[in-house]
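# Working through the structure, step by step
Each chain is listed here by its residues.
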Amino acid sequence: MILHILGTWIAAGLTIAIFSFLYKDNPFYKFAEHLYVGVSAGFGVIYVWAFDLKPMLVDRFISEHGVERWILLVPAILGILMLTRWTEKYAYISRLPIAFTVGIGAGLGITGSVQGFLLPQMQATLLPLTTINNVILVIGVVTTILYFYFSHEFKGASNIILRVAIVFIMVSFGASFGYTVMARISLLIGRMFFLLSDWLHII
Amino acid sequence: MRLQIPLIVVLVTGLLLIVTFFIPHEPFGSLEQRFLIWYSIVAGFTMLLGLDSLTRYHLVRIRDKIKGWGFSIVLLLGLFITLGLGFYSWAKYQSPFTLGSPFMFLYTYVIIPLQATMFALLAFFIASAAYRAFRARTTEATLLLVAAVLIMLGRVPLGGWLWHRMVDFADLIPGTHLAGLKNLEIFARINDWIMDIPQTAAKRGIFIGATLGGIVMSIRIILGIERSYISGS
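Computed from a prediction, not measured in an experiment: that's the story for all the values here.

## Things to note about the packing of aromatic side chains
Using the criterion set out here, one finds 21 aromatic pairs over all chains in the structure. Between F43(A) and Y107(B), the aromatic rings sit 5.0 Å apart at their centres with planes inclined by 15°, giving stacked as the arrangement. Of this pair, F43(A) sits in helix α2 (residues 27-63) while Y107(B) sits in helix α4 (residues 102-133), each in a different chain. Between F100(A) and F35(B), the aromatic rings sit 5.5 Å apart at their centres with planes inclined by 75°, giving edge-to-face as the arrangement. With F100(A) in helix α5 (residues 95-125) and F35(B) in helix α2 (residues 31-63), this residue pair bridges two chains. Of the residues examined, F100(A) reaches a relative accessible area of 5% and is grouped as buried. Members of the aromatic cluster, each reached through a chain of ring pairs, are F43(A), Y47(A), F51(A), F97(B), F103(B) and Y107(B). Above the plane of the ring of F61(A) lies R69(A), whose end atom (NZ or CZ) is 5.0 Å from the centre.

## Examining the pattern of salt bridges
Where charged atoms from two side chains of opposite charge approach closely, those side chains can pair. One pass over the structure, following the stated rule, counts 9 salt bridges over all chains. Between E64(A) and R60(A) there is a salt bridge; the shortest N-O distance is 3.8 Å. Since its relative accessible area comes to 24%, R60(A) is described here as partly exposed. Between R165(B) and D168(B) there is a salt bridge; the shortest N-O distance is 3.0 Å. Separated by 3 residues within a single helix, R165(B) and D168(B) lie in helix α6 (residues 157-171), roughly one turn from each other.

## Observations regarding unusual backbone geometry
Generally, phi is negative for residues other than glycine and the peptide bonds are trans, each holding for most cases. Although it is not a glycine, H201(A) adopts a positive phi angle of roughly 55°. Within the secondary structure, H201(A) sits in the segment after α7 (159-199). By relative accessible area, which is 61% here, H201(A) ends up exposed. Despite not being glycine, Q94(B) shows a phi value in the positive range, around 75°. Structurally, the position occupied by Q94(B) is in the loop between α3 (69-93) and α4. The exposure class assigned to Q94(B) is exposed, which follows from its relative accessible area of 61%.

## What about the interface of chain B and chain A?
Between chain B and chain A, the contact holds 103 residues from the first and 114 residues from the second. Across the chain B/chain A interface, buried area totals approximately 10100 Å², and carbon plus sulfur atoms make up 83% of it. Scanning the region where chain B abuts chain A turns up 2 salt bridges. Secondary structure elements with two or more residues in the side of chain B that touches chain A: α1 (4-22), α2, α3, α4, α5 (139-155), α7 (186-196) and α8 (198-222) of chain B. Per element, the largest residue contribution to the side of chain B that touches chain A is 22 residues, and it comes from α4(B). Residues that form the side of chain B that touches chain A fall into these classes: 75 nonpolar, 18 polar and 10 charged.

## Considerations on the domain arrangement of chain B
Split by domain assignment, chain B resolves into domain 1 (1-52) and domain 2 (67-124). In this structure, domain 1 of chain B and domain 2 of chain B have C-alpha centres spaced 33 Å apart.

## Some details on the packing of α2(A) against α3(B)
One can describe the packing of α2(A) onto α3(B) by two numbers: an axis separation of 8 Å at closest approach and a directional angle of 30°. With respect to their mutual orientation, α2(A) and α3(B) come out roughly parallel. Classified by chirality, the crossing of α3(B) by α2(A) is right-handed. Its residues placed into classes, the contact of α2(A) with α3(B) shows 18 nonpolar, 7 polar and 2 charged.

## Re the nonpolar core
Ranked by size, the top nonpolar core spans 39 residues in total, and within it L57(A), F100(A), F35(B), I41(B), F45(B), I221(B) and Y229(B) carry the most contacts. Every element with two or more residues in this core is listed here: α2, α4 (73-82), α5 and α6 (132-147) of chain A together with α1, α2 and α8 of chain B. When neighbours within four sequence positions are excluded, L57(A) is seen to be in contact with D52(A), L72(A), A76(A), I41(B) and F45(B). In this structure, L54(B), A120(B), L121(B) and A123(B) belong to the second largest nonpolar core, which totals 30 residues.

## Re a nonpolar patch on the surface
All names here are of chain B. Among the surface-exposed residues, I8, L11, V12, L15, I219, L223 and I225 lie close enough to one another that they form a single nonpolar patch of about 610 Å² accessible area. The leading source of residues in the nonpolar patch is α1, at 4 residues. Mapped onto the fold, L15 is located in helix α1.

## Points about the packing of α5(A) against α1(B)
Orientation of α5(A) relative to α1(B), taken along the N-to-C sense of each, is 30°, at an axis distance of 8 Å. By the criterion of interaxial angle, the relationship of α5(A) to α1(B) is roughly parallel. Helix-helix and strand crossings are classified by hand; for α5(A) and α1(B) the assignment is right-handed. Here α5(A) contributes R95(A), L96(A), A99(A), F100(A), G103(A), I104(A), G107(A), L108(A), I110(A), T111(A) and Q115(A) to the contact with α1(B), which in turn contributes I5(B), P6(B), V9(B), V10(B), T13(B), G14(B), L17(B), I18(B) and F21(B).

Scoring rules and cut-offs
- Residues numbered from 1 in each chain as written.
- Chains lettered and ligands numbered in written order.
- Predicted model: local features only at pLDDT ≥ 70, side-chain atom pairs only at ≥ 80, totals over all residues.
- Heavy atoms only, no water.
- Phe/Tyr/Trp six-rings, centres within 6.5 Å; stacked < 30°, edge-to-face > 60°.
- Helix = DSSP H or I, 4+ residues; strand = E, 2+ residues; numbered from the N terminus.
- Buried < 20%, exposed > 50% of the residue type's maximum accessible area, 1.4 Å probe, protein only.
- Lys NZ or Arg CZ within 6 Å of the ring centre and 35° of its normal.
- Salt bridge = Lys/Arg side-chain N within 4 Å of Asp/Glu carboxyl O.
- Contact = heavy atoms within 4.5 Å.
- Buried area = accessible area lost by both parts, 1.4 Å probe.
- Nonpolar A, V, L, I, M, F, W, Y, C, P; charged D, E, K, R; others polar.
- Domains from an automatic or database assignment.
- Axes fitted to C-alpha atoms, helices over the stretch in contact; angles between N-to-C directions.
- Parallel < 35°, antiparallel > 145°, perpendicular 65-115°, else oblique.
- Left-handed = near helix turned anticlockwise from the far one by under 90°.
- Core = buried A, V, L, I, M, F, W, Y, C linked by side-chain atoms within 4.5 Å.
- Patch = residues over 30% accessible without salt bridge, like charges linked within 9 Å, V, L, I, M, F, W, Y side chains within 5 Å.
- Areas by Shrake-Rupley, 256 points an atom, 1.4 Å probe, with all protein chains shown as cover.

Next comes the structure, spelled out in structure tokens:
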């Protein structure tokens, strides 16, 4: 119980310190900001150790046998090679693990995005033009894609395509903006509720 | 060789992953999963690089007494206390993420409030940005404004309240019986329509374009045409 009260006071203090930035940049905000960076980095290290390195490398190396065990040395060595960036002389060796990760990203970037995103999205767009909504959706997708096709200059009558695309893009950006505002306001309400309810017990 | 070997590694890794997609049988079948695990392990080690960079940067600031160096001490203390509590909780509770552990105390009462407040703070800056962006000076800005306002009205009780008052007002006209229209919840419907049709259409168009660009970039990387990722070291 005492720990909960102490924790609530710490959380309230930090919340107010961050909100103090609304007045102007000040030492309280800077304190909270630097603390945030520090604890977040520490949390990131613990998280990576707990969910990546330990279960995928250390635990498996202990539990596996034969080839499955020793093959784990490959990513371990690649990981250690990444640390050669600490030395100026051998920093070029870190290109190997970087190349490996880039290769995986590029390989998955082709197969994964075609199968997982591109084809399903195209399939969802190939609709029968039997309803107004379907017509609007298809026109929106096609004109938006054409809007970002910079290899051809749209002039004259074809400029209409760009005008239509801008309408869709602006509505989309406006909707996304409204959505983001709502999310941020929800967080603000959450923090205010914490201060007034959990900390001050006013509401 | 310093350049060729990484290019060969990229080519082989990229092609192998493409092959596993088309030949999902041994020895290729499990390769994608295996590579993804290896990727996580290698990426995990990069955390050490980031940690070193952050620590070194702030130690230099403290050593040279650069303006604001006191906050660098706060940052480093926060970092090492978090690490200390994490490994202490590990030793005592088998996992740092056990409820009631000192590490989870830090997470609940320090990290969550800091993170949530930092993002909540953005609400004010978004409001100020909205004031500048939403002045309806052009057709495009008007569209942006109308869409954003309709989305916001459709997602809060104010939208429903406003619609009910509008129906009540219209009902004052003699001979009209519009009370039934209240159930329409027009702002919520408009919100759903904008999100499902025009917003989805534009977003889909943008994402399809971006994905096509990503695929082209992946092909360039695998073929060694794009080499910026190894030029810095």
